[in-house]
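Analysis of the macromolecular model
Now for the letters of each chain:
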Amino acid sequence: MRVVIELRDTVVIDASPDAVWEWLQHLPDQYPSWHPDHLSARWVRGAGLTPGAELEVRETLHGKPHRLRLRVTQVAPGRRLRYRVLPGLGGELAVDPAAGGSAFTAVIRLGVGSPMLGPLVDRAIRLTLGSRLATIERHQAEEGANLKSLLEQSPSA
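Here we summarise the structure given alongside this text. (Residues numbered from 1 in each chain as written. Predicted model: local features only at pLDDT ≥ 70, side-chain atom pairs only at ≥ 80, totals over all residues. Heavy atoms only, no water.)

Below, the discussion takes up the overall build of the protein chain. Summing up its helical and strand segments, the protein chain has four helices and seven strands in all. Starting at the N terminus, the α and β elements of the protein chain follow one another as β-α-α-β-β-β-β-β-β-α-α. The globule rule puts the C-alpha radius of gyration for 157 residues at 15 Å, and the 16 Å found for the protein chain is close to it. The principal-axis extents of the C-alpha atoms in the protein chain amount to approximately 50 × 30 × 30 Å. A burial count over the protein chain gives 41% of its 157 residues as buried. (Helix = DSSP H or I, 4+ residues; strand = E, 2+ residues; numbered from the N terminus. Rg over C-alpha atoms; globule rule 2.2 N^0.38 Å. Buried < 20%, exposed > 50% of the residue type's maximum accessible area, 1.4 Å probe, protein only.)

Structure below.
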């Protein structure tokens, strides 16, 4: 995918990579505690971090409720998962060993690789999102900080 916009946030968590991955494996249960804007999450196809599984999340973005369906596309167990929401919108969650525990990285990618339709879709993405990108980046950074807090307070970290 030719990336037009990539939003990336990394936080170092004083918890083992296994503890972070274990937390991610229970994402539907954890989702509301991860961020105040997260309303709910549930598996609608499959269950767990496996390719083809779909997680429906409900959250408030830009002051409005949204429902998104994330389809897991690739998984390196214990390390990384990639997902797709729509053509041109996807992301990744990665857990890497780091000094003091784990580096958790969340990535959101926007862009379409088609040489014919790509530039038109890319322009529509930019026009549609505009100033909302800063709000999405702030939300993403808050998720990282909240995950750090949740896992560092957990007795199993």
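Once you've had a look at it, read on.
Here the focus is the sheet that holds strand β4 (residues 64-76). Across the sheet, which stays open at both edges, the seven strands sit in the order β1-β7-β6-β5-β4-β3-β2 with antiparallel pairing between neighbours. Each of the sheet's edge strands pairs with one partner strand only, and the pair in question is β1 (5-13) and β2 (38-45). Geometrically, the sheet is characterised by an average inter-axis angle of 25° between neighbouring strands, direction not taken into account. Across the sheet, helix α1 (residues 17-25) is in contact with β1, β4, β5 (80-86), β6 (89-98) and β7 (101-110); its angle to β6 comes to roughly 150°. Contacts between helix α2 (residues 27-34) and the sheet are confined to β2, β3 (54-61) and β7, with β2 contributing the most and set at about 165° to the helix. (Pairing = 2+ DSSP bridges. Axes fitted to C-alpha atoms, helices over the stretch in contact; angles between N-to-C directions. Contact = heavy atoms within 4.5 Å.)

Inspection of every chain in the model, using the stated rule, returns three aromatic pairs. Relative to Trp34, the ring of Trp23 lies with its centre 5.3 Å away and its plane at 80°, an arrangement referred to as edge-to-face. Residue Trp23 is located in helix α1, and its partner Trp34 is located in helix α2; the two are separated by 11 residues in the primary sequence. An identical accessibility class is assigned to Trp23 and Trp34; each is buried. Measuring from ring centre to ring centre gives 6.5 Å for Trp34 and Phe104, while their planes differ by 70°; the resulting arrangement is edge-to-face. Of the two residues, Trp34 sits in helix α2 while Phe104 sits in strand β7, which places them 70 residues apart along the sequence. A relative accessible area of 2% places Phe104 in the buried class. Among the aromatic residues, those joined into a ring-pair cluster are Trp23, Tyr31, Trp34 and Phe104. (Phe/Tyr/Trp six-rings, centres within 6.5 Å; stacked < 30°, edge-to-face > 60°.)

Now for a nonpolar patch on the surface. A cluster of nonpolar side chains, contributed by Met116, Leu117 and Leu120, occupies part of the molecular surface with about 380 Å² of accessible area. Among the secondary structure elements, Leu120 is positioned in helix α3 (residues 118-129). A relative accessible area of 59% places Leu120 in the exposed class. (Patch = residues over 30% accessible without salt bridge, like charges linked within 9 Å, V, L, I, M, F, W, Y side chains within 5 Å. Areas by Shrake-Rupley, 256 points an atom, 1.4 Å probe, with all protein chains shown as cover. Salt bridge = Lys/Arg side-chain N within 4 Å of Asp/Glu carboxyl O.)

Attention now goes to the pairing of β1. The two faces of β1 differ: Ile5, Leu7, Asp9, Val11 and Ile13 on one face are buried, but Glu6, Arg8, Thr10 and Val12 on the other face are not. Summarising the sheet, β1 and β7 pair through nine bridges and their orientation is antiparallel. Across the sheet, Val12 pairs through a bridge with Ala103, a residue of β7.

A large share of β3 lies buried, amounting to six of its eight residues. Direction of pairing for β2 relative to β3: antiparallel, over a ladder of six bridges. Bridge assignment links Ala41 to a residue of β3, and that residue is Val57. Taking the residues that link successive antiparallel strands as the turn, the β3-β4 hairpin has two residues, and the phi of His62 there is positive, at about 55°.

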